[in-house]
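# Notes for the structure review
Okay, here's what each chain looks like letter by letter:
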Amino acid sequence: PPPPLPRRPPVPPPRVITPQTSPTMSQSPVEDPPEVEKAPDVPPRTKLVPQPQPPTLPLLPQRKAPHVPVIRTISIDCAEDYEVPDTTQNHLFDHLDMADKDDFSSLYSDDEILDDDDDDSYETIPNNGGSWQDYGLSTLKDSVYLPAIGKRQSALGKEGNSAPQLTPVIKMGWLDKNPPQGSLIYQKRWVKLDADFLRYFDNDKDMYSKRIIPTTSITNITNVGDQKFEVVTHNRTFVFRADSDFERTEWVTVLQETIRDQKYTHKDLSGQHLHGAAEMQGYLELRGLRSKLYVVVSGDKVLLYKNMEDYKLGIGITSIDMNVGNVKDADRRAFDLTTPYRTFSFVAESDQQKDEWVEAMQNSIGEALSNYEVAEKIWVDEFNQFCADCGAAKPEWAAINLCVVFCKRCAGEHRGLGPSISKVRSLKMDKKVWTDELIQLFQVLGNRGSNTFWAANVPPSEALSPASCSSDRRRFIAAKYREGKYRRYHQLFGNQEALDNALCINIQSNDVLETLSLVFCGANVNCDTGNPDFPTPISLAQSYEQHLQVEFLTQNKNTEIPRSEVGGHMDTVHYMAPPSITHNGFLYKTASMGKPITERRAKEEFSRRWCTLNDGNFNYYESDRNSTPNGGLKMKEIVCLVVNPLETHGYDHTFEIYTDSERLYLFGTDSPDVMREWVKSIAKSFIPSSAEDLLNRDFERIGKLQYKDGLNLQSPKVGWFSLVGSTLYACFEDSEGEEAIHLKKLQELSIQQENEVLVLVERRRTLYIQGNRKLDYLTWSTAIQRAAGSSGDTLSQQQLTESDIPVIVDRCIDYITQCGLTSEGIYRKSGVNSKIATLLESFRRDARSVRLKEGEHQVDDVSNVLKRFFRDVKEGIFTSEASAAWLSTSAIADESQKILNYQSLLSSLPRVNKATVRALVNHLYCVQRFADMNQMNLHNLAIVFGPTLFQTDGKDYNAGRVIEELIGHYVAIFNVNEQQLKKQLDEITAIIKLREINSSSKVPPAGDFICTVYLEEKKETAEQHVKIPATMTAAELALEILDRRKISVREKDYWCCFEVNEKEETERPLHYQEKVLPILHSMGTESCLVVKKHYSMEAMLIYLASKVDDSKHGMMKFREERNLLGLGLNTGSFHDRYFILTSTSLRLYKEVRSLQKLQIPELQCSHRPEKEWPVRSLKVYQGIKKKLRPPTCWGLTVVYANEKHEKQHWYLCCDTQTEMREWFATFLSIQNDGNVWPSETIKMRASRVPLDTRLGNISLIPLRGSENEMRNSVAAFAADPLALFRDL
């Protein structure tokens, strides 16, 4: 018999359970309710639209033993039943030999690799990789995944819901396809059409398509010419040719009917309607191809696209079903995705990215082999079909102790809570965990009941959506389950004894929701029931055969209860909405747009609208009498608010609003007060309370951006930023209050173009700002760069150091201190005007990027740049208002009073001016301390800098006196610590001595190398061992060799230094001004330097003199060096290509164009080249190695090194020697700005590298080996030259 019931407290009246709707169901009153499409046999991975409002649950029945519902079993094959088929008996493997023969033929046919169609083989695409973060598809809203439907059924797939569903093929057959460049050579393709996609393959046996075109993207089907028809999409046109007019008509009719059916059904194949969020996406190199592909791992598929743009449009290459895939590690950054039909060899950017890709693909394999039986049972309850936290459809994870079902992105945050709070399990892979009782518990309770407790008080501003970022999910889930912030407090909360007693009573019934409420409000799952036969609640529930209660209590035996203050009475805290911001009035508005505004908008382009802001909604109407808005936006959609400068557009005062849907709204008014009120109201409506400090200033722009800092580079966080002048204020995710970033004081500001990241380097921190929305990121990037640059001619408007000194002043002073303090007549000698003007302009453009280097910049040029800057600076260093007071102070007779006056004037200067005066006077004080070496004493410096700093042009003698007194009384006026000054002078003295030692020491200066150079040809008798300093040019090296051999240079002797590569059978004449040392560093062991006559130079100079412009075009035979499958085997042959060489680029075209077209620049510009390279990044060598079998002996080898220093080779063959010489001459002329050979004879050079006289007539010892070995050999030889001969 069951034990006696303990005493029951009075039973409260029955409760009405009002279920919480999914976050996705919160709709604006003006929005249309979502529609639900239900179809039989929905594939497991197909995204569902949000669920309808569920009906209110009836009143709870009286407690009695629960009736266990019969659970309908769905027959689904699971991963455990998967078997690898016997390939010897499967006819689908018959063509494997062909795949092995040409591993990439399934994606690219031979003619397409040769011809490089835009459709089928691709140009080099910059990597957008960098770090991979969990940002979902917020940056690619409109992208289209290749669907699970309409694909070729794998023989390995089994029947059941886990197998992909097929869309019937409407028509298939052979068609000829025309490349987009319009070649006359058609390519045979096997084409298949179903209701959703048009695909074409290399042949009818291929498993992987070459192109997939969504039928929804097809806009028109038209007949063109004989047996040809065009398939027109949103971004390009595909041309096909049938074998007969009848077949062409049949294809066109079927395609038109399919498109018409799509319009009637309004089927949407965009965005996430077909798949969940991509687990991984980005560019990967596919071995065998010269360009990278955009790869997406989504669900149980890996999808290949040409680039990100095609991914957004949904026009893909192929999809790989991972139920037959396997991922294997390969060498270094490579890994292989193997299927029975083909092996895909990918190469990632880094080892870290490789690990992330491998993990993502392994997860995809797990997804493909997953079992949907448990998921289907739990999804029977419509509330369980959506994530309990963010509302995403088809959640596949659950917390078995919390009784909630959630999506994959939320599952990651649940795992972060730890198993003591949330026990995360998969609905598809953790089959053994899901007992019948646990499944039934989720059917009875699940998201429907659990959220009535966990999410009873969620404020709308904190609710998640499927597009929420990781940081928002982390905060919300921790608040919901760890802190219990939104839970519905039990009426017994805080009374432990009453909670435990109520738990013991409730578990005797079937009210599991009440048990959940009691447990997570503090009831002890392991409390003493007072019954010795059944001492624990679990045993007590078992005695009453309450299996669901037992299951729930068992899962929560060790669960951590939400942190709360327990004890005493606690009032229930309900959510209080913040006060609503309301504002209305007339504004002038332009049409919204999807790109930045680059032109002034006239008043005529604005329309007067009545605008209202209320309850987080901004609406605009035709007039204040209309009740229906013309349009509007929600405040939560705003990501950036910009206040434009005065009179930017036709209306004096304008502001811009950017939304997360990549739209820009421009509003204007003539009243500054009206605009100020609107900007203030809008900003308060979308800026969160945590970032309210940003509203205390008159900002130029304000909004949210993603960022990373040095402490966390793995995933971006969301921060709120406002730009005020040259200061960027930021409220970061994990910090209290705001932080100020002084943009003019940044040490570095750069942009990583490949992944659109703005890098801000401060003294103690590096901040990475990135945009997931391109539109507002571009405007932020432009505004920050403009604010960080020099914005005017005053000192305070320059780029500054941490000490508030203009960067130009700091760099010049530092360079002169290091290299010029001993230079005689420093600051009095003139530099080269053209170099001074160029350097000053570089500083004014971006002083932060200028690096002064000895050898490249002369001391006198730098000193004159500093003087000219001070002479031109607006208002002067002493300010125009205070200049007279400074000049009059020099007349004071009393020295002590004079010093006090100078100190008073110094303290009254603006912050930047004061810091600059201090730094400059300190520098001049150090200069005059070494006057015995530089001849610049106190008086000489005053003569130079007095008129310069006071901008008097020598008209006021007092200017020099002021500077002389500031330098002379430097210690007293500036309150200098004499010990620190002595330390500074000692450091300068040490620098000077070190430079003297280096200049007079027998040790060759750092950077000098001894190398072997040959005369005429490479042989031992022609060897010359020469010391190569860092400044030596190719012309100087050539004359050095000729002088040693006492060879005189006649008038038309063009002696050059050649870089000869014996392995490649190529040579390149170095330009006469080219530095030799960098060439030595880059040469391999198979290369050497040879000085010999350039017999073609005279003919090249004559040809260049006859040319009108510096361009050239014509036909050449072209071959590209490729590696087949990464095995190092060269493939390909020479083919005719048309080249155009201009002052900026070398462009390659596939087809031969008529001479008439080539003479029309407009036609040239409109015709897209197959390839294009920046001409100054190319190295052109004469010759081609014989093993490539060039068709002629007059060839050029072109080497291109990209940003990652990866070298690529191309080979060009000309029909005649004259043609090759003309191409080579044009290359030289463009790369050297027309300066191919010095106008004067090479003997008339300004400087010569002197012979090393200390070595007498002893030949220098050649050095071989690595750079470090060379340096060690030089040092040893210089220290003791005779040591090398002692053993002889």
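About the thresholds
Residues numbered from 1 in each chain as written. Predicted model: local features only at pLDDT ≥ 70, side-chain atom pairs only at ≥ 80, totals over all residues. Heavy atoms only, no water. Helix = DSSP H or I, 4+ residues; strand = E, 2+ residues; numbered from the N terminus. Polar contact = N/O pair within 3.5 Å; in protein donor to acceptor, adjacent residues only side chain to side chain. Contact = heavy atoms within 4.5 Å. Pairing = 2+ DSSP bridges. Axes fitted to C-alpha atoms, helices over the stretch in contact; angles between N-to-C directions.

Quick look at unusual backbone geometry now. Positive phi, normally seen in glycine, also occurs at Glu 545, with a value near 55°. Secondary-structure assignment places Glu 545 in the loop between helix H13 (537-543) and helix H14 (547-555). Backbone geometry places Asn 975, a non-glycine residue, at a positive phi of 50°. Positionally, Asn 975 belongs in the loop between helix H26 (970-973) and helix H27 (978-1000).

Mapping Asp 861 onto the fold places it in helix H19 (residues 859-872). From its side chain, Asp 861 meets the backbone nitrogen of Val 832 in a polar contact 2.9 Å long. Ignoring any residue separated from it by four or fewer positions in sequence, one finds Asp 861 in contact with Gly 831, Val 832, Lys 835 and Ile 836.

Attention now moves to the sheet that holds strand S14 (residues 343-347). The sheet built from seven strands is open, its strands ordered S11-S10-S9-S8-S14-S13-S12 with antiparallel pairing. Since the sheet does not close on itself, it has two edges, and those belong to strand S11 (318-321) and strand S12 (326-329), each with one partner. Averaged over all pairs of adjacent strands, the angle between strand axes in this sheet comes to 35°, irrespective of strand direction. Judged from the two bridges that link them, strand S8 (residues 280-286) and S14 form a sheet pairing that is antiparallel.

What the seven strands build is an open sheet, ordered S4-S3-S2-S1-S7-S6-S5; its pairing is antiparallel. Pairing within the sheet leaves two strands with one partner each, and these edge strands are strand S4 (211-214) and strand S5 (218-223). Averaged over all pairs of adjacent strands, the angle between strand axes in this sheet comes to 30°, irrespective of strand direction. As defined by bridge partners, strand S6 (residues 228-233) adjoins strand S7 (residues 237-241) across five bridges and the pair is classed as antiparallel. In the sheet register, Phe 229 faces S7, and the bridge partner there is Phe 240.

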